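Chain residues, written in single-letter form:
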Amino acid sequence: MAGLQQTNSEKILLSWVRQLTRNYPQVNVINFTSSWSDGLAFNALLHSHRPDLFDWNAVVSQHSPVQRLDHAFNIAKQHLGIEKLLDPEDVATACPDKKSILMYVTSLFQVLPQQVTMEAIREVEMLPRHSRVTKEEHTQVHHQEHFSQEVSYFTFLLPSSCSKVFVSFTYPVILVAS
């Protein structure tokens, strides 16, 4: 069970992501795996910091997950100097590698504003270990796979190979009481 617990660094990072993507209704980041597979979370992070770089609605409506991921990674490289550490095809899956997502999001964290409110941290601590997902959301996450039966309940409990990650932040994180 300890492998399923988030480290404090993960909670801070997830709180930061949720805080920056709060105004993007298509984005609901609850973990460092499936929440990133459609590419919207990466683009929302970038757009929240630099809305002048691209049209958010165009990214949402006109691109496939692989194209959205490629778009985000290219924007981060060109405008923030973050190397393309991930292949879009490896992230656009039902369960992308948690360590890889954490590594890339940490790279974004290092260059984007880092204020994290205590409210955002408390919100992350209240997230369920599994969530009910509508049929549309489930289909969106698994856009390239075909299922023989309807799935109305999707758990986000990961296999042991994806469940343990330790991240160390060596730069200041500002916590803001709310």
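See above for the structure.
Residues numbered from 1 in each chain as written. Predicted model: local features only at pLDDT ≥ 70, side-chain atom pairs only at ≥ 80, totals over all residues. Heavy atoms only, no water.

**Overview of a negative patch on the surface**
Right, so step 1: A cluster of acidic side chains, namely Asp87, Glu89, Asp90 and Asp97, defines a negative patch on the protein surface.
Right, so step 2: Counting through the fold element by element, Asp87 comes out in the loop between helix H4 (65-80) and helix H5 (88-91). (Patch = residues over 30% accessible without salt bridge, like charges linked within 9 Å, V, L, I, M, F, W, Y side chains within 5 Å. Areas by Shrake-Rupley, 256 points an atom, 1.4 Å probe, with all protein chains shown as cover. Salt bridge = Lys/Arg side-chain N within 4 Å of Asp/Glu carboxyl O. Lys, Arg positive; Asp, Glu negative; His and termini not counted. Charge placed at Lys NZ, Arg CZ, Asp CG, Glu CD. Helix = DSSP H or I, 4+ residues; strand = E, 2+ residues; numbered from the N terminus.)

**Quick word on the side chain of His47**
Right, so step 1: With respect to the helices and strands, the residue His47 is situated in helix H2 (residues 40-49).
Right, so step 2: On the basis of relative accessibility, which here comes to 13%, the residue His47 falls in the buried class.
Right, so step 3: Within the local environment of His47, its side chain forms a polar contact with the side chain of Tyr24, the two groups lying 2.7 Å apart.
Right, so step 4: Filtering out sequence-adjacent residues up to four positions away, His47 remains in contact with Tyr24, Phe54 and Trp56. (Buried < 20%, exposed > 50% of the residue type's maximum accessible area, 1.4 Å probe, protein only. Polar contact = N/O pair within 3.5 Å; in protein donor to acceptor, adjacent residues only side chain to side chain. Contact = heavy atoms within 4.5 Å.)

**Some points on the packing of H2 against helix H6 (residues 98-111)**
Right, so step 1: Running from N to C, H2 and H6 point in directions that differ by 10 degrees, and their axes come no closer than 12 Å. Here H2 lies roughly parallel to H6, going by the angle between them. Contacts between H2 and H6 involve Phe42, Leu45 and Leu46 from the former and Ile101, Tyr104, Val105 and Leu108 from the latter. (Axes fitted to C-alpha atoms, helices over the stretch in contact; angles between N-to-C directions. Parallel < 35°, antiparallel > 145°, perpendicular 65-115°, else oblique.)

**Comments concerning the pattern of salt bridges**
Right, so step 1: Counted according to the given criterion, the structure contains 4 salt bridges.
Right, so step 2: The salt bridge partner of Glu10 is Lys98, with a shortest N-O separation of 3.1 Å. Here Glu10 is found in helix H1 (residues 8-21), whereas its partner Lys98 is found in helix H6, with 88 residues between them in sequence.
Right, so step 3: Looking at Glu10, the relative accessible area reads 1%, which means it is buried.
Right, so step 4: A salt bridge links Asp70 to Lys84; the shortest N-O distance between them is 2.6 Å. Pair noted here: Asp70 is in helix H4 and Lys84 is in the loop between H4 and H5, with a separation of 14 residues, a long-range link.
Right, so step 5: Classification of Asp70 as partly exposed rests on a relative accessible area of 28%.

Functional significance is not addressed by these values, which are geometric in nature.
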